[in-house]
Amino acid sequence: MDQNAEQVLAALADRRPPAMGLYLHIPFCRRKCPYCDFYSLEDTALIHDYLDALLAQMAEFSAACAAYRVDTVFFGGGTPSLLTERQWNRLLSGVQRHFRILPDTEVTVEVNPDSATPKLLKALHRAGVNRLSIGVQSFDDTLLSAIGRLHDAKTATDTVRAAQKAGFDNISLDLMYGLPQQTLAQFEQSIRSAVALGVTHLSAYGLKVEENTPFGRMGDALLLPDDDTFADQYLLLCQLAREAGYFQYEISNFAKPGCASRHNLKYWVRDPYLGLGPGAHSFFDGWRFAFNRDLKGYIRCYRERKQRRHDLTPLLQERRRISEQEAMEETIMLSLRLTAGLDEPAFAQRFGCRFSELVGQWKLAKYERAGLLKRTEGHTSLTPQGFAISNLILADLLDWDERATP
Ligand code: SF4
């Protein structure tokens with residue numbers, strides 16, 4: 001097993017169940033980016049009322065979570081840096097009041113360069129936030145403007161420096177590739193700029209055009225890079241990140257040793273997490289559930305609850321108990337996102353069947369021969385080349401009907 005995989009396994013072994021992650025959604029953005037499908041609105045006048053509702057929802061869930069300690073908290077969005085210092089103090093003290101927060105909890109806030117002022121960054125650090133995820137996306141001004149971002153490369157650089165000055169020593173930058181007309185050289189420059197800032201973590205996502213967005217409605221006029229360039233950009237990212245001392249622990253995530261996101265790892269190893277706010281998802285007590293993407297309905301619901309308690313049904317978009325079959329498929333899909341890969345003995349113990357027999361020995365051998373997958377010491381994992389086409393490989397492996405020898 002390679003050194004990176006060992007580091008991830010050590011990080012996972014360090015988890016102390018029953019601990020859960022807490023995700024709090026801040027569904028506001030100054031202006032909606034034309035590619036974005038996350039649930040967020042430009043209606044910032046509702047922030048105050050929303051925080052009332054979110055705090056009420058935390059109070060409502062605190063009894064259900066009483067047995068769990070919380071070891072990661074993640075404020076995502078949207079743009080959490082639109083909240084004022086006062087609103088942050090209210091929110092953070094609500095979290096402390098309603099949940100059993102462990103002393104060394106990882107507390108992450110997503111911020112955008114156009115709203116994360118040095119004053120706010122200092123206040124967040126003082127209030128106990130110990131990790132920032134900064135939505136930079138690119139250090140190329142032309143591309144930033146083409147994807148509708150409100151900041152330029154200089155503002156992004158200034159924000160990272162201000163965060164470091166405020167005391168943050170665990171900073172993640174988000175980058176994007178596969179952007180309209182983005183060249184390999186432009187993406188290389190962005191990766192090198194991010195690395196030069198000395199951050200501890202990089203997340204890089206290929207643009208996925210969602211139908212219900214302005215980009216989705218543009219069709220071919222968007223001038224996206226072709227599949228080969230897209231894959232080349234991804235492989236370049238893996239190479240440059242490795243050369244700069246970041247170990248890849250997930251398809252899209254790279255960290256300096258000891259700086260993998262503990263919160264995001266919970267999603268991939270199926271640890272419990274509770275997500276509150278409209279559009280937030282949870283995996284908790286064997287259930288997956290998500291709240292409606294309806295900010296006004298959410299606020300109204302918690303206003304009415306002050307007068308009378310009623311069940312969560314009107315707020316829930318989906319709620320289902322995960323079957324054994326689904327748990328098995330999820331384990332395969334999520335484990336193979338990690339460089340540590342799928343632990344075959346643990347899989348056999350948990351599900352009473354062998355992974356290789358389930359997906360078909362011959363399929364694993366086929367991908368191994370092609371350099372897309374490797375199997376070492378009971379672990380199966382994808383290589384960077386395999387990650388670049390992971391959707392195809394996973395769809396093939398999960399096609400149970402084709403598992404028999406051809
Ligand atoms: S800032 Fe982030 S969450 Fe907001 S619209 Fe842009 S991509 Fe979406």
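Residues numbered from 1 in each chain as written. Predicted model: local features only at pLDDT ≥ 70, side-chain atom pairs only at ≥ 80, totals over all residues. Heavy atoms only, no water.

### What about the sheet that holds strand 13 (residues 342–343)?
Pairing in this open sheet of three strands is antiparallel, and the strands run 13-15-14 from one edge to the other. Of all strands in the sheet, those bounded by a partner on one side alone are strand 13 and strand 14 (373–376). In the packing of helix 15 (residues 361–369) onto the sheet, the strands contacted are strand 14 and strand 15 (379–382), and the crossing angle to strand 14 comes to about 110°. (Pairing = 2+ DSSP bridges. Helix = DSSP H or I, 4+ residues; strand = E, 2+ residues; numbered from the N terminus. Contact = heavy atoms within 4.5 Å. Axes fitted to C-alpha atoms, helices over the stretch in contact; angles between N-to-C directions.)

### With respect to the pairing of strand 14
Relative to strand 15, strand 14 runs antiparallel, the two being bridged by four bridges. Its bridge partner lying in strand 15, threonine 376 is registered against histidine 379. Between the end of strand 14 and the start of strand 15, which pair antiparallel, lie two residues, with glutamate 377 showing a positive phi angle near 45°.

### What about the domain arrangement of the protein chain?
Looking at the protein chain, the domain boundaries give domain 1 (3–269) and domain 2 (324–402). On a C-alpha basis, the centres of domain 1 and domain 2 stand 28 Å from each other. Contact residues are listed per partner, giving 15 residues for domain 1 and 12 residues for domain 2. Of the roughly 1200 Å² buried between domain 1 and domain 2 on both sides combined, carbon and sulfur atoms contribute 70%. There are one salt bridge connecting domain 1 and domain 2. Across the pair glutamate 250 and arginine 337 runs a salt bridge whose closest N-O atoms are separated by 2.6 Å. Connecting domain 1 to domain 2 are four residue pairs in polar contact (both at pLDDT 80 or more). (Domains from an automatic or database assignment. Buried area = accessible area lost by both parts, 1.4 Å probe. Salt bridge = Lys/Arg side-chain N within 4 Å of Asp/Glu carboxyl O. Polar contact = N/O pair within 3.5 Å; in protein donor to acceptor, adjacent residues only side chain to side chain.)

### A short note on the pattern of salt bridges
Where charged atoms of side chains with opposite charge meet at close range, the side chains can pair. Applying the stated criterion across every chain yields a total of 21 salt bridges. The residue arginine 30 makes a salt bridge to aspartate 114 at a minimum N-O spacing of 3.2 Å. A residue pair is termed long-range when its members are at least 10 positions apart, and arginine 30 in the loop between strand 1 (19–26) and helix 2 (47–62) and aspartate 114 in the loop between strand 3 (100–111) and helix 4 (118–126) qualify at 84 residues. On the basis of relative accessible area, arginine 30 is assigned to the partly exposed category, the value being 47%. (Buried < 20%, exposed > 50% of the residue type's maximum accessible area, 1.4 Å probe, protein only.)

### Thoughts on unusual backbone geometry
Note the cis peptide between glycine 77 and glycine 78, where omega equals 10°. Tracing the sequence through the fold places glycine 78 in the loop between strand 2 (69–77) and helix 3 (85–98). The residue glutamine 181 is not glycine, and still its phi comes out positive at about 60°. The exposed category is assigned to glutamine 181, whose relative accessible area is 58%. One non-glycine residue, leucine 223, lies in positive phi territory at about 55°. Following the sequence through the fold, leucine 223 ends up in the loop between helix 8 (214–218) and helix 9 (227–243).

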